[in-house]
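Overview (structure and organization)
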Amino acid sequence: GYYDSSELLYNDQDYCVVSILRAGSSVLNEMLHIVPGITIGKILLQRDEKSHEPVFYYQKYPQYIENKRIIIFDPMLATGGSVLKTIENLISLGCEPKNITFLNIISSVEGLERVSKTYPEIQIITACIDPVMIQGTKYIAPGLGDFGDRYYGTEIS
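Below: a short report on this structure. (Residues numbered from 1 in each chain as written. Predicted model: local features only at pLDDT ≥ 70, side-chain atom pairs only at ≥ 80, totals over all residues. Heavy atoms only, no water.)

On to the overall build of the protein chain, then. Secondary structure assignment for the protein chain yields four helices and nine strands. The order of helices and strands in the protein chain, counted from the N terminus, is β-α-β-β-β-β-α-β-α-β-β-β-α. Out of the 157 residues belonging to the protein chain, those deemed buried represent 41%. Entry remark: accessible area of the protein chain is about 9000 Å², with carbon and sulfur atoms responsible for 52%. (Helix = DSSP H or I, 4+ residues; strand = E, 2+ residues; numbered from the N terminus. Buried < 20%, exposed > 50% of the residue type's maximum accessible area, 1.4 Å probe, protein only. Areas by Shrake-Rupley, 256 points an atom, 1.4 Å probe, with all protein chains shown as cover.)

As structure tokens, this is what we get:
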């Protein structure tokens, strides 16, 4: 069921959820139910399949994002590359790491360590830690495959 209410330390408008497209958009409806006044930002990154690092394509954030408490959402934390690129992008706009929380569903140990060492001020909330990363693909194992493809019903290209 849905939450009847939520208790926040700040006003709804003081928060911004940043979804890492495309899989990150899967949480937006639930966030709007929990925090109806939350603002929404988006960043589009795509993983380079050879280097396994993200390539930046697009960002659109609300005005004055540097003054907001930011919740970054991406369902999977594998190598940490996408969330680190997102954090770097937000910091370049004046956001402070202490005001950023990263929310995800499944994390790898490697990704958690990389993000925590790079930005120890950022809070990370995850539901599950999978112990194995497949070295050739850098996918989490057992994981759940490509979250975006599963959520949107598409196939890996």
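There's plenty left to go through after this.
Formed by 21 residues in total, the largest nonpolar core has its most connected members in Val-18, Ile-65, Ile-70, Ile-72 and Leu-90. At the level of elements, strand S1 (15-21), strand S2 (39-47), strand S4 (69-73), helix H2 (81-92), strand S6 (100-108) and helix H3 (109-118) are the ones that each hand at least two residues to this core. Ranked by residues supplied to this core, first place goes to H2 with four residues. The residues touching Ile-65, leaving out its near neighbours within four places in the chain, are Cys-16, Val-18, Ile-70, Leu-90 and Cys-95. (Core = buried A, V, L, I, M, F, W, Y, C linked by side-chain atoms within 4.5 Å. Contact = heavy atoms within 4.5 Å.)

On the surface, Leu-44, Val-55, Tyr-57 and Tyr-58 cluster together into a nonpolar patch covering about 360 Å² of accessible area. With respect to the secondary-structure elements, Tyr-57 resides in strand S3 (residues 54-60). (Patch = residues over 30% accessible without salt bridge, like charges linked within 9 Å, V, L, I, M, F, W, Y side chains within 5 Å. Salt bridge = Lys/Arg side-chain N within 4 Å of Asp/Glu carboxyl O.)

Not every positive phi belongs to a glycine, and Tyr-64 is a case in point at roughly 65°. Secondary-structure assignment places Tyr-64 in the loop between S3 and S4. Since its relative accessible area comes to 51%, Tyr-64 is described here as exposed.

Inspection of the secondary structure puts Val-27 in the loop between S1 and helix H1 (28-34). With a relative accessible area of 14%, Val-27 lands in the buried category.

The next subject is the state of the cysteines. Under the counting rule described, the total for this entry stands at zero disulfides. Considering cysteine sulfurs only, Cys-95 is the nearest to Cys-16, which forms no disulfide, with 8.3 Å between them. Here Cys-95 falls in the buried class, since its relative accessible area comes to 6%. (Disulfide = S-S within 2.5 Å.)

Now for H3. Within H3, burial applies to Gly-111, Leu-112 and Val-115. In an axial view of H3, the angular spread of the buried residues amounts to 100°, which keeps them on one side of the axis. Close packing links the buried residues of H3 with strand S5 (76-77), H2, S6 and strand S7 (123-130). (Arc of directions from axis to C-beta.)

Within the secondary structure, Asn-99 is located in the loop between H2 and S6. Apart from the residues lying within four places of it in its own chain, the contact partners of Asn-99 are Lys-68, Arg-69 and Ile-70.

Burial analysis of S1 places six of its seven residues in the buried class, which makes it a mostly covered element. With five bridges joining them, S1 and S4 adopt parallel strand pairing. Counterpart to Cys-16 in the pairing with S4 is Ile-70. As paired elements, S1 and S2 share six bridges and run parallel to each other. (Pairing = 2+ DSSP bridges.)

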